[in-house]
Amino acid sequence: MVKFSELRHSIRSYVSNRHFRQFALQNGCAAPHQARNKLPWGIDRLYRVLNLAKSGEDLLDDIFFQRFLDEGWTMQCTTLFGVQIIQTVDPQNVQAVLATKFKDFEVGERRHKQFGVVLGKSIFTSDGPFWEHSRALFRPQFAREQINDLASTEKSTQDLFQALGPVDENGWTASVDILPLLYHFTLDTATDFLFGQSVDSQLAALQTSKEDGDVAEKAGHVNAATDATHEDNFADAFATANEYMVLRIRLQGLYWLVNNTKLQRAVATMRRFTDQFVQLALQHSQSSKRAPSASEAADKERYSLLSALAAQAQDPTEIRDQLLAILLAGRDTTAALLGWVLYVLATHPALFQHLRAAVLAAFPPSSSSSTHPVTFTSLKACRYLTYVLNETLRLYPPVPLNSRVALRDTVLPTGGGPDGSRPIAVRKGQVVVFCVYAMQRREDLWGSDAGVFRPERWEGRKLDWGFLPFSGGPRVCLGQQYALTEAAYLVVRFLQRFDRIDPVSGADADAAADAAGSRAAPAAGKVEKGLGLIMSPRHGVRVRLHDAAAAAV
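These numbers come from a predicted model, not from an experiment.

Reading the values: the criteria
Residues numbered from 1 in each chain as written. Predicted model: local features only at pLDDT ≥ 70, side-chain atom pairs only at ≥ 80, totals over all residues. Heavy atoms only, no water. Buried < 20%, exposed > 50% of the residue type's maximum accessible area, 1.4 Å probe, protein only. Helix = DSSP H or I, 4+ residues; strand = E, 2+ residues; numbered from the N terminus. Pairing = 2+ DSSP bridges. Polar contact = N/O pair within 3.5 Å; in protein donor to acceptor, adjacent residues only side chain to side chain. Core = buried A, V, L, I, M, F, W, Y, C linked by side-chain atoms within 4.5 Å. Contact = heavy atoms within 4.5 Å. Patch = residues over 30% accessible without salt bridge, like charges linked within 9 Å, V, L, I, M, F, W, Y side chains within 5 Å. Areas by Shrake-Rupley, 256 points an atom, 1.4 Å probe, with all protein chains shown as cover. Salt bridge = Lys/Arg side-chain N within 4 Å of Asp/Glu carboxyl O.

Enquirer: Outline the pairing of strand S3 (residues 84-88), supporting the account with residue identities and numerical values.
Expert: In terms of residue burial, S3 counts as a mostly covered element, since 4 of its 5 residues are buried. What sits between strand S2 (residues 74-78) and S3 in their antiparallel hairpin is a turn of 5 residues, with Phe 81 showing a positive phi close to 65 degrees. Note: S3 against strand S9 (residues 431-435), 3 bridges, orientation parallel. Bridging across to S9, Gln 87 finds its partner in Val 433.

Rendered as structure tokens:
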């Protein structure tokens, strides 16, 4: 019986291989370059990936990017159990995977299982009809008119300034790691934007930091008064879950080994936090069956997402998973972008002053809101601000690595043959990994200074498939304009309020060089990167800021 099964498997394998060779020949394909491993199944590389904390290597710079430099822009790699995957940083191939041959690829079952332990069944862990349903559900919430409502963003900005604390007699704030504050800020704006009200996590953090507890909770809002809803607990739980999800990804097919009690507790905390919004959705669904009150009618647009979720998804678990997925994306993508922007501004004083001059010219602090309003349109019109945001996203993309699985035998346009110019055939079920981080640092695409932060490179440059910080094609990030608008708004308010931002000792060697008066831009890969679902500064962004009003006195 065993021998018969082996024979049947051998026959199927032979027929499959023959069919695939014929398919490749018919489409003019050539084999891609086969990447070299020191040990079978690439165990040597897997060991390096799992040993990053001890070795001090950088996953993106030292392992992924360096391999592309050594082996070529598209290659086939042998992974655990002899599985062959394709790795590419060629814009034509990435465009094919994400757009022109979108129907030939999916996120894949393994991704569902790797992420599903935290994100459940949601827009980020699904394919096919459920993904289409999810995307249609959320798309109206990211319409331009929704994004242009920045009243809540302004309130959260003022809360952030309050969290920075008072300035000293010379106008300087105390030294602060601003990254956690940015996570509070984006949680507040994301919950208000998506669910109609903010959790006011910044005020809650201020409350718990005061010994006398004088800061009152805001009536009528979900707040952080209990452990289940405290944003710090949520952030800690998400950080833990993030670490384990990354480990599940790195273990490839052995992801199931990572599912211990610590991960389960973190997921439980996150779900308790999100269950509040599930109840809000269900309550609103019930209240919509009766005549709305005046206040409810006024807030109808603010509750559109809650209503849609409750009306179209009756399963509380599905609602929770969808809310959690969108909440995490809205919170982390924008916070990471802002963290990188402030890191760059702190370590590049001349850049800070250049950007500040451009912002003050477009948005004078003393002018009225009606004269120089800060809106979606006016933020887009501030070109140098857009250049800075684009350059930040080029060097520090939120999702530096991504992948898709082939649904059927298909073809990528380039990477085959000795010179890599011919098409390559991709087998059904084969994984294609694309590294946006490496692609956006290719010198042949971006010039010899590709590793240097230079916003001016965006003058007159058109966006193409070599720049994909928010992915592309039908699965392009729905919230990209939301994230860019929120980030641009806070940067404008920061530059209106502060005329200097200095890195605190220990940030980076680059900061010391700039503080000494050197304007030479650093190699952008020096800063250590925290790699979770979103790439952020690993050790935070510790700075101090100088109040512009103090200089005017």
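Enquirer: Can you break down helix H5 (residues 91-100) residue by residue, with the values?
Expert: Turning to H5, its buried residues are Pro 91, Asn 93, Val 94, Ala 96, Val 97 and Leu 98. Structurally, the start of H5 carries an N-cap: the backbone nitrogen of Gln 92 is 2.9 Å from a side-chain oxygen of Asp 90.

Enquirer: Which residues make up the nonpolar core, and what values do they have?
Expert: Counting residues in each nonpolar core, the largest one holds 92 residues, and the members touching the most others are Leu 164, Ile 178, Leu 182, Leu 355, Leu 385 and Phe 494. Discounting residues that sit within four places of it in the chain, Leu 182 has contacts with Leu 160, Ala 335, Leu 338, Gly 339, Leu 342 and Leu 490. Counting 42 residues, the second-largest nonpolar core is a separate cluster that includes Phe 195, Ala 241, Met 245 and Val 267.

Enquirer: Describe a nonpolar patch on the surface, and please don't skip the residues or the numbers.
Expert: On the surface, Leu 39, Trp 41, Ile 43, Phe 81 and Val 83 cluster together into a nonpolar patch covering about 470 Å² of accessible area. Here Trp 41 lies in the loop between strand S1 (33-34) and helix H2 (43-50).

Enquirer: Could you give me a rundown of the sheet that holds strand S6 (residues 401-406), with the residues and numbers involved?
Expert: In spatial order, the strands read S1-S2-S3-S9-S6-S4; together these 6 strands make up an open sheet with mixed pairing. Strand pairing shows two members of the sheet lacking a second neighbour, S1 and strand S4 (105-106), which therefore form its edges. Relative to S6, S4 runs antiparallel, the two being bridged by 2 bridges. In the strand pairing of S6, Phe 105 is matched with Ala 406.

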